[in-house]
Amino acid sequence: MHDEDAALDSSFSAAENFSRIVRADFPGDDDAQENKLRPQLLNEFLGQETTKKNLSVFIAAARNREEALDHLFLIGPPGLGKTTLAQITAHELGADFKITSAPALDKPKDLVGILSTITPRTVFFIDEIHRLKPAIEEMLYIAMEDFELDWVIGQGAAARTVRIPIPPFTLVGATTRAGSVSTPLVSRFGIIEHLNYYTGEELASIIHRSAKLLSVSVDDDAAFLIASCSRGTPRVANRVLKRMRDFAQVDGRGRITKDIVEAGLSRLEIDSLGLERYDRTILRSVIENFGGGPVGAETLAISVGESLDTLVDYYEPYLIQCGLLQRTNRGRLATEKAYKHLGIEGAIRHENDGLLF
């Protein structure tokens, strides 16, 4: 028994390095400004109406039954509010909230240490769940279905498995790559929600709300201009808003006007489509270095000095959404719209180039 206690104690201490717990009734104090902008309730969360309506029903039912909410799987590009929705879920349930990311779970003992210390109905959030290691994923299957953990004590012939019961909890998994999550893991989530890019009107409402929380005034036309270049993403909208607040404070009279935004976007090198300098670098690389494509994602990532994950998860989705880039089975292609937007003259290469008929 001493060996088992020592092993479990080691797991508990390891958990402190890989997760942090947030009590439902006490807000965290790290990154205070970012948390200040995060909604705490579903009715404060703007956009994603279908997801909100569904979650409100599921949460109310679980709360009335005094049960843990079924496991929740959130799918969508970065910055759309997956982490915020997980925190809101815990807050609405009146439950504790634990957060970690899949890359931080290096060994099974890390997961054991976290789940062995949870309270009933805890919401356990794993970001980037598509990056879970197979051994941890296998352990998670039993935890999600049976609310138990299999833990191996000892080594070699003396090794034995101890099954540790854990309280019912809600796993919230978030991913930007749903296709990379194994089918057995996806099938264990009872609630699956897809988050979509926000409309300009929704982003303008978010900008007005954030401006109020930041104690800054923003004109309606300025808010819509910020929204139009925010890539359909609240995270980007809030980031741009903060920078416009700085420009307004130093160069203006503290109020964010359309003129302030236009000047600020120019200084930040953000164009009318919301493309930043790096977006244009990617498009220029495809056009100038690879003749408009096709070019493989790995080659393109190397050419612009960016990691493959960042290129695929952050930059490409918006470029494709804007119709500036195409994904084909041969590689990435720049579209005619990309040539026109960058002011580059040249022939567009098609898949049938070189064929006479």
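Check the entry above for the structure.
For clarity, every value in this text was computed on a predicted model and none was experimentally measured. Each chain carries its own residue numbering, running from 1 in the written order of its sequence. Whole-chain, interface and lining totals are the exception, using all residues; otherwise, since this is a predicted model, local features are given only for residues with pLDDT of at least 70 and side-chain atom pairs are given and counted only at 80 or more. Processing note: side-chain calculations cover all non-hydrogen atoms of the structure and skip hydrogens and water entirely.

Even after reading the chapter, I still don't get the overall build of the protein, so can you show me in this structure?
Runs of H or I in DSSP of at least four residues are treated as helices and runs of E of at least two as strands, each being numbered from the N terminus. Tallying secondary structure elements over the protein gives 15 helices and twelve strands in all. For each residue, the accessible area found with a 1.4 Å probe, counting protein chains only, is set against the maximum for its type, and the residue is called buried under 20%, exposed over 50%, and partly exposed in between. The proportion of buried residues among the 357 residues of the protein is 45%. Any two residues having at least one pair of non-hydrogen atoms within 4.5 Å are treated as being in contact. Taking all contacts inside the protein whose residues are at least 6 apart in sequence as the whole, residues at least 24 apart take part in 70%. Under the convention used here, a 1.4 Å probe and the Shrake-Rupley method define accessible areas, while residue burial counts only the protein chains that appear. Surface exposure of the protein reaches about 17700 Å², of which carbon and sulfur atoms provide 50%.

Just to check I follow, could you spell out the pairing of strand E7 (residues 170–175) for this structure?
A regular strand carries its side chains on alternate faces of the sheet. Most of E7 sits out of view: six of its six residues are buried. Alternating residues of E7 divide into Thr 170, Val 172 and Ala 174 and Leu 171, Gly 173 and Thr 175, and every residue in both groups is buried. Strands were regarded as paired on the criterion that DSSP finds at least two bridges between them. Taken together, the four bridges between strand E2 (residues 72–75) and E7 define a ladder with parallel strand orientation. Paired with Leu 74 across the two strands is Ala 174, which belongs to E7. As paired strands, strand E4 (residues 123–127) and E7 are joined by four bridges and run parallel to one another.

So what exactly am I meant to see when it comes to helix H4 (residues 82–93) here?
Along an α-helix, residues three or four positions apart point the same way, because every turn accommodates 3.6 residues. To estimate how far a helix should extend, the number of its residues minus one is multiplied by 1.5 Å. For H4, spanning twelve residues, the distance from its first C-alpha to its last is 17 Å, which sits close to the expected 16 Å at 1.5 Å a residue. For H4, a buried count of ten out of twelve residues is recorded, marking the element as mostly surrounded by other parts of the structure. Within the sequence span of H4, burial applies to Lys 82, Thr 83, Thr 84, Leu 85, Ala 86, Ile 88, Thr 89, Ala 90, Glu 92 and Leu 93. The secondary structure elements touched by the buried residues of H4 are helix H3 (49–65), E2, strand E3 (97–101), E4 and E7. Just downstream of H4 lies Gly 94, where phi reads positive at about 70°.

What is the right way to read the nonpolar core from this model?
Generally speaking, soluble globular proteins have nonpolar side chains that are buried together. Residues belong to one nonpolar core when they are buried, are Ala, Val, Leu, Ile, Met, Phe, Trp, Tyr or Cys, and are joined through side-chain atoms within 4.5 Å. Residues Ile 226, Met 244 and Ile 256 are the most contacted members of the largest nonpolar core, which totals 50 residues. A per-element tally of this core places helix H10 (residues 234–251) first, with seven residues.

Explanation requested: the pattern of salt bridges in the structure shown.
Two side chains with opposite charge may pair up if their charged atoms get near one another. When a carboxyl oxygen of Asp or Glu lies within 4 Å of a side-chain nitrogen of Lys or Arg, that pair is called a salt bridge. A complete count under the given rule lists 15 salt bridges for this structure. A salt bridge links Arg 255 to Asp 219, with the shortest nitrogen-to-oxygen separation between them at 2.6 Å. Of this pair, Arg 255 sits in strand E10 (residues 255–256) while Asp 219 sits in the loop between strand E9 (217–218) and helix H9 (220–228); the two residues are 36 residues apart in sequence, bridging distant segments of the chain. The salt bridge partner of Arg 327 is Glu 316, with a shortest N-O separation of 2.9 Å. Taken together, the residues Arg 327 in strand E11 (residues 325–328) and Glu 316 in helix H14 (residues 308–321) connect sequence positions eleven residues apart. Look at Arg 327 and you get partly exposed, because its relative accessible area is 43%. Taken together, the salt bridges that share partners define one network made up of Glu 316, Arg 327 and Arg 332.

Is there a simple way to think about the packing of aromatic side chains in this case?
Ring pairs (aromatic) are described by centroid distance and by the angle formed between their planes. A pair of aromatic rings is counted whenever rings of Phe, Tyr or Trp (Trp by its six-membered ring) have centres within 6.5 Å, and the orientation is called stacked for planes under 30 degrees apart, edge-to-face for over 60 and tilted otherwise. As enumerated under the stated definition, the model contains four aromatic pairs in all. Geometrically, the ring pair formed by Phe 147 and Phe 169 is edge-to-face, given 5.7 Å between the ring centres and 80° between the ring planes. One end of the pair, Phe 147, is in the loop between helix H6 (134–146) and strand E5 (148–153); the other, Phe 169, is in the loop between strand E6 (160–165) and E7, and 22 residues separate them in sequence. The exposure class assigned to Phe 169 is buried, which follows from its relative accessible area of 1%. Lysine NZ or arginine CZ positioned within 6 Å of the ring centre and within 35 degrees of the ring normal marks a charge as sitting over the ring. Above the plane of the ring of Tyr 141 lies Arg 188, whose end atom (NZ or CZ) is 4.1 Å from the centre.

Help me understand unusual backbone geometry, please; the structure alone is not making it clear to me.
Across the chain, the bulk of peptide bonds are trans and the bulk of non-glycine residues have phi less than zero. Phi at Glu 66 takes a positive value of approximately 55°, unusual for a residue other than glycine. On the secondary structure map, Glu 66 appears in the loop between H3 and E2. A positive phi is found at Ser 215, a non-glycine position, where the angle reads about 60°. Position of Ser 215 among the secondary structure elements: in the loop between helix H8 (200–213) and E9. Since its relative accessible area comes to 68%, Ser 215 is described here as exposed.

Which parts of the structure should I look at to understand the environment of Arg 177?
Following the sequence through the fold, Arg 177 ends up in the loop between E7 and helix H7 (183–186). Arg 177 gets classed as partly exposed once you look at its relative accessible area, which sits at 23%. When the C-alpha positions of Arg 177 and Gly 76 are compared, they lie 7.8 Å apart, and in sequence the two are 101 residues distant. Not counting chain neighbours up to four residues away, the residues in contact with Arg 177 comprise His 130, Asp 309, Val 312 and Asp 313.

Please clarify how the pairing of E3 should be interpreted in this entry.
Within E3, four of the five residues are buried, which leaves the element mostly enclosed by the surrounding structure. Across five bridges, the pairing between E3 and E4 is parallel. Paired with Ser 101 across the bridge in E4 is Asp 127.

I keep staring at the environment of Val 295 and nothing clicks. Help me out?
On the secondary structure map, Val 295 appears in the loop between helix H12 (277–290) and helix H13 (297–304). The class of Val 295 is buried, set by a relative accessible area of 4%. Remark: the alpha-carbon pair of Val 295 and Gly 331, spanning 36 residues in sequence, is separated by 4.6 Å. Not counting the four nearest positions on each side in its chain, Val 295 is found in contact with Val 286, Phe 290, Leu 300, Gly 331 and Arg 332.

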